[in-house]
Amino acid sequence: MELKTIAVVGPTASGKTHRAVSLAKQLSGEIISADSRQVYSGMTIGTGKDLEEYENIPYHLIDIAPAGTKFNLYRYLDLFHKAYKDIHDRNKRIVICGGTGLYIESALNGIILPEVPENKELRNAYKEKTLEELTQILRTYKKLHNTTDIDSTQRAIRAIEIAHFYNENPDAERLADKTSAKPIDAVVIGIDIPREERRNRITLRLKKRLEDGMVDEIKNLLDSGISPDDLMYYGLEYKFITQHVIGQLSYEEMFHQLEIAIHQFSKRQMTWFRGMEKRGTKINWLPYNLSDSEFLARTLELLDNPHQETV
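Fair warning: this is a prediction, and the values are worked out from it, not measured in the lab.

Calculation criteria
Residues numbered from 1 in each chain as written. Predicted model: local features only at pLDDT ≥ 70, side-chain atom pairs only at ≥ 80, totals over all residues. Heavy atoms only, no water. Salt bridge = Lys/Arg side-chain N within 4 Å of Asp/Glu carboxyl O. Helix = DSSP H or I, 4+ residues; strand = E, 2+ residues; numbered from the N terminus. Buried < 20%, exposed > 50% of the residue type's maximum accessible area, 1.4 Å probe, protein only. Phe/Tyr/Trp six-rings, centres within 6.5 Å; stacked < 30°, edge-to-face > 60°. Lys NZ or Arg CZ within 6 Å of the ring centre and 35° of its normal.

A. View of the pattern of salt bridges. If you walk through the whole model with that rule in mind, you get 19 salt bridges. Here E105 ties to R279 by a salt bridge, and the two come within 2.9 Å at their closest N and O atoms. One end of the pair, E105, is in helix 3 (residues 101-108); the other, R279, is in the loop between helix 12 (251-278) and strand 8 (283-287), and 174 residues separate them in sequence. By relative accessible area, which is 1% here, E105 ends up buried. The partner of E161 in a salt bridge is R123, and the shortest N-O contact between them spans 2.7 Å. Taken together, the residues E161 in helix 6 (residues 153-168) and R123 in helix 4 (residues 120-126) connect sequence positions 38 residues apart. A network of salt bridges, in which partner residues are shared, links E118, R123, R158 and E161.

B. Structural context of the packing of aromatic side chains. For the structure shown, the criterion picks out 8 aromatic pairs. Between F273 and W285, the aromatic rings sit 6.5 Å apart at their centres with planes inclined by 70 degrees, giving edge-to-face as the arrangement. Note that F273 is positioned in helix 12 and W285 in strand 8, a separation of 12 residues in sequence. These aromatic residues form a ring-pair network of at least three members: Y76, F80, Y84 and Y103. Taking NZ or CZ as reference, R279 lies 5.3 Å from the ring centre of W272, over its face.

Structure (structure tokens):
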């Protein structure tokens, strides 16, 4: 009997990793990460890998690219499909876990992408534009594009570069079109956490990560030869703490601006998940404060009857 895939999604600080690991332990599963920054080795505290949570649970697509390099959706989907087939062929339960909506939605839709080359002319044309201007340009493209993780000009330009490539290459666009893909049969579970609780958790987690050595982690990455611009490309913690380390922001300015940026990021994540629902993905939202046993029981009910309504 084929084991139905589970996907655990939700905004940052909602407790996704704990839930996914708990399910994998109970259901003899393995986890495929769907996080655009956890792919990088050496970026552990800032990306919230929480590797100690996994214990003996196998995980995939974490620490698979060197820090300082540029990972993208094409590479993610290529490696995702390979990991998915490997776990499936060993008859293990697949638990997808993450908050990068574009990665999750594209993977669940079974999309396979062509590789998008660098467009130097486009990059030169947009290099002086602000992040706000670039985000508005990206929104003019009709196809599905990632705006959740775009909090640096480099990432925004890359997103526009991809969108432009598809406009210029209709055959490649058809390949990436979900109507020609083979969707994964999965039960998608969302972690439903109230906005104020989410905000409190974000602030507490940020303080803890700073206490745990997040500034030193970023200093070590800079000392290893990674340029400040390349680190800031990753956004959020790596953007603001790098600015602090190189003297552009005081500690207090860094904390305040980073806290606001994470709240905004969390809001964009929820916007993406609501968009996924409008585009046809059923997300079963379960309360964040269920016990592990209650969460497992509700998940098992959904696996048996994926069309039931969650309360």
